[in-house]
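Inside the fold
The primary structure of each chain is shown beneath.
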Amino acid sequence: GDHRDLHSFPTRRSSDLGASRTEIAGWLGESLKIRVAAPPEGGKANQAVLAVLAEALSLQLSQMEIISGQSQPRKVIAIEGLESDELEKCLPEKGQ
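This write-up is about the structure you can find in this document. Each chain has its residues counted from 1, following the order in which its sequence is written. Where local features are concerned, this predicted model is filtered to residues with pLDDT of at least 70; where side-chain atom pairs are given and counted, the filter is 80 or more; whole-chain, interface and lining totals use all residues. Hydrogens and water are ignored here; the side-chain numbers use all heavy atoms of the structure.

A look at unusual backbone geometry
- A positive phi is found at S58, a non-glycine position, where the angle reads about 55°.
- Segments assigned H or I by DSSP are reported as helices when at least four residues long, segments assigned E as strands when at least two residues long, and all are numbered from the N terminus. Position of S58 among the secondary structure elements: in the loop between α1 (44-57) and β4 (64-68).

This is the structure:
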């Protein structure tokens, strides 16, 4: 498809998979840290990461794709149809 409006940003998933709920924990340098309650088996943790991002950004899951790091704690997620400044407005401020 057309990827002109695709924004990729690294997200770092915390390694404590025993989190009580999946949530955005804030920024760690240039990476967004997401705590994940779902187990990594069968891609459940990846789906949980995309779901919490979709909710925070008011987007559909179909507008996001993990383009690298599917089996790693650090992932790069492509987001379609959202400008960088809009993305930052929807997420916690850096340095907090």
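Description of the pattern of salt bridges
- Take a side-chain nitrogen of Lys or Arg and a carboxyl oxygen of Asp or Glu: if they are within 4 Å of each other, that pair is a salt bridge. Inspection of the entire model under this criterion finds 2 salt bridges.
- Residue E23 is joined to R35 by a salt bridge in which the shortest nitrogen-to-oxygen separation is 3.0 Å. Taken together, the residues span a long stretch of sequence, with E23 in strand β2 (residues 23-28) and R35 in strand β3 (residues 31-35) at a distance of 12 residues.
- A cluster of three or more residues bridged by salt bridges with shared partners is formed by R21, E23 and R35.

Some remarks on α1
- For α1, built from 14 residues, the straight-helix expectation of 20 Å at 1.5 Å per residue is met to within 8% by its first-to-last C-alpha distance of 20 Å.
- Looking at α1, one finds that the buried residues are A45, N46, A48, V49, L50, V52, L53, A54 and L57.
- Of the residues flanking the end of α1, it is S58, one or two places downstream, whose phi is positive at about 55°. For a helix, the expected span equals 1.5 Å multiplied by the number of residues minus one. Here's how the labels work: a residue is buried when its accessible area is under 20% of the maximum for its type, exposed when over 50%, partly exposed in between, all with a 1.4 Å probe on protein chains only.

Concerning the side chain of N46
- Tracing the chain through its elements places N46 in helix α1.
- Here a polar contact means two N or O atoms within 3.5 Å. Within protein one must be a hydrogen donor candidate and the other an acceptor candidate, and residues neighboring in sequence count only if both atoms are side-chain atoms. Engagement of the side chain of N46 in a polar contact is seen with the side chain of K75, the distance being 2.8 Å.

Considering a negative patch on the surface
- Like charges are joined within 9 Å and nonpolar side chains (Val, Leu, Ile, Met, Phe, Trp, Tyr) within 5 Å, but only among residues with over 30% relative accessible area and no salt bridge; these make up the patches. Using a 1.4 Å probe, accessible areas were evaluated by the Shrake-Rupley method; residue-level cover was limited to the displayed protein chains. For the purpose of counting charges, residues Lys and Arg are taken to be positive, whereas Asp and Glu are taken to be negative. His and the chain ends are not included. All charge positions are set by atom: Lys at NZ, Arg at CZ, Asp at CG, Glu at CD. A grouping of E83, D85, E86 and E88 is seen on the molecular surface, where their side chains present a negatively charged patch.
- Locating E83 in the fold gives a position in the loop between β5 (74-80) and α2 (84-90).

Concerning the pairing of β3
- Two strands are counted as paired when DSSP detects at least two bridges linking them. Bridging between β2 and β3 involves 5 bridges; their strand directions are antiparallel. Bridge pairing in β3 places G26 opposite K33.

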